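Structural description and commentary
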Amino acid sequence: MPIELPKETRAAAILSIERYFRDELDERIGNIQAGALLNFFLEEIGPSVYNKAVADVQERIQMRAAELDIECHEDEFGYWQKYDRKR
């Protein structure tokens with residue numbers, strides 16, 4: 001599944017790449033080149049980041065699911081215990 005960014009996010013990322021080249025590398029990179037570099041990173045490195053994020057979320061969900069019996073537990077057959085305490 002290719003990673004696609006919303007139009008506004010993509011535009012902001014391209015501006016950030018242009019600024020990085022200008023401020024950190026003292027180089028100029030055009031809008032088209034910055035867009036191509038972004039495409040490269042999204043296609044080449046993006047899946048690694050995406051897969052790691054999915055694995056992290058999956059682990060957290062499994063941990064939460066394992067705790068459901070603790071969070072959502074009700075004692076069974078408690079009526080008579082409550083009744084006996086009142087006596």
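Since this is a predicted model, take the numbers as computed values, not measurements. (Residues numbered from 1 in each chain as written. Predicted model: local features only at pLDDT ≥ 70, side-chain atom pairs only at ≥ 80, totals over all residues. Heavy atoms only, no water.)

Details of the overall build of the protein chain
Spelled out, the test is: Secondary structure elements follow DSSP: runs of H or I of four or more residues count as helices, runs of E of two or more count as strands, with numbering from the N terminus. Classification of residues uses two cut-offs on accessible area relative to the type maximum, computed with a 1.4 Å probe and protein chains only: under 20% is buried, over 50% is exposed, and between them is partly exposed. Only the protein chains shown count as cover for residues, and the accessible areas themselves come from Shrake-Rupley with a 1.4 Å probe. Neither His nor the chain ends is counted toward charge; the positive residues are Lys and Arg and the negative residues Asp and Glu. Here the site of a charge means atom NZ of a Lys, CZ of an Arg, CG of an Asp or CD of a Glu.
Along the backbone of the protein chain there are five helices and zero strands. Secondary structure elements of the protein chain occur, N-terminal to C-terminal, as α-α-α-α-α. Projected onto its principal axes, the C-alpha coordinates of the protein chain cover approximately 85 × 25 × 25 Å. Residue burial in the protein chain is summarised as follows: out of 87 residues, 10% are buried. Summing over all exposed atoms, the protein chain offers an accessible surface of approximately 8200 Å²; the carbon and sulfur share of this is 55%. Taken as two groups, the 12 positive and 18 negative side-chain charges of the protein chain have centres that lie 9 Å from each other.

Focus: the confidence of the model for the protein chain
Defined as follows: Each residue carries a pLDDT score, the predictor's own confidence in it, on a scale running from 0 to 100.
Taken as a whole, the protein chain shows an average pLDDT of 92; of its residues, 99% reach a score of 70 or greater. The least confident element of the protein chain is helix α5 (residues 79-86), whose mean pLDDT is 79; the most confident is helix α1 (residues 7-24), at 98.

Focus on unusual backbone geometry
Backbone geometry places Asp26, a non-glycine residue, at a positive phi of 55 degrees. Relative to the elements of secondary structure, Asp26 occurs in the loop between α1 and α2 (31-44). Of the residues examined, Asp26 reaches a relative accessible area of 71% and is grouped as exposed. Phi at Phe77 is positive, roughly 50 degrees, even though this residue is not glycine.

Digging into a nonpolar patch on the surface
Rule in force here: Residues enter a patch when their relative accessible area is above 30% and they make no salt bridge; the linking distance is 9 Å between like charges and 5 Å between nonpolar side chains (Val, Leu, Ile, Met, Phe, Trp, Tyr). Here a salt bridge means any side-chain nitrogen of Lys or Arg lying within 4 Å of a carboxyl oxygen belonging to Asp or Glu.
Where nonpolar side chains cluster on the molecular surface, the patch consists of Phe40, Phe41, Ile45 and Val49 and spans about 360 Å² of accessible area. Among the structural elements, Phe40 can be located in helix α2. Given a relative accessible area of 44%, Phe40 falls into the partly exposed group.

A few points about the nonpolar core
Put simply, the rule reads: To define a nonpolar core, start from buried Ala, Val, Leu, Ile, Met, Phe, Trp, Tyr and Cys residues and group those joined through side-chain atoms within 4.5 Å.
Counting six residues, the largest nonpolar core consists of Ile14, Ile17, Ile29, Ala34, Leu38 and Leu42. Breaking this core down by element, the ones donating at least two residues are α1 and α2. The element best represented in this core is α2, accounting for three residues.

Considerations on the environment of Ile17
The following threshold applies: Throughout, a contact is declared for two residues whenever any of their heavy atoms are within 4.5 Å.
Relative to the helices and strands, Ile17 resides in helix α1. Relative accessible area serves as the criterion here: at 15%, Ile17 is assigned to the buried category. On a C-alpha basis, the gap between Ile17 and Gln62 in space is 37 Å, while along the polypeptide they are 45 residues apart. In contact with Ile17, other than residues within four places in its own chain, are Ile29, Ala34, Leu37 and Leu38.

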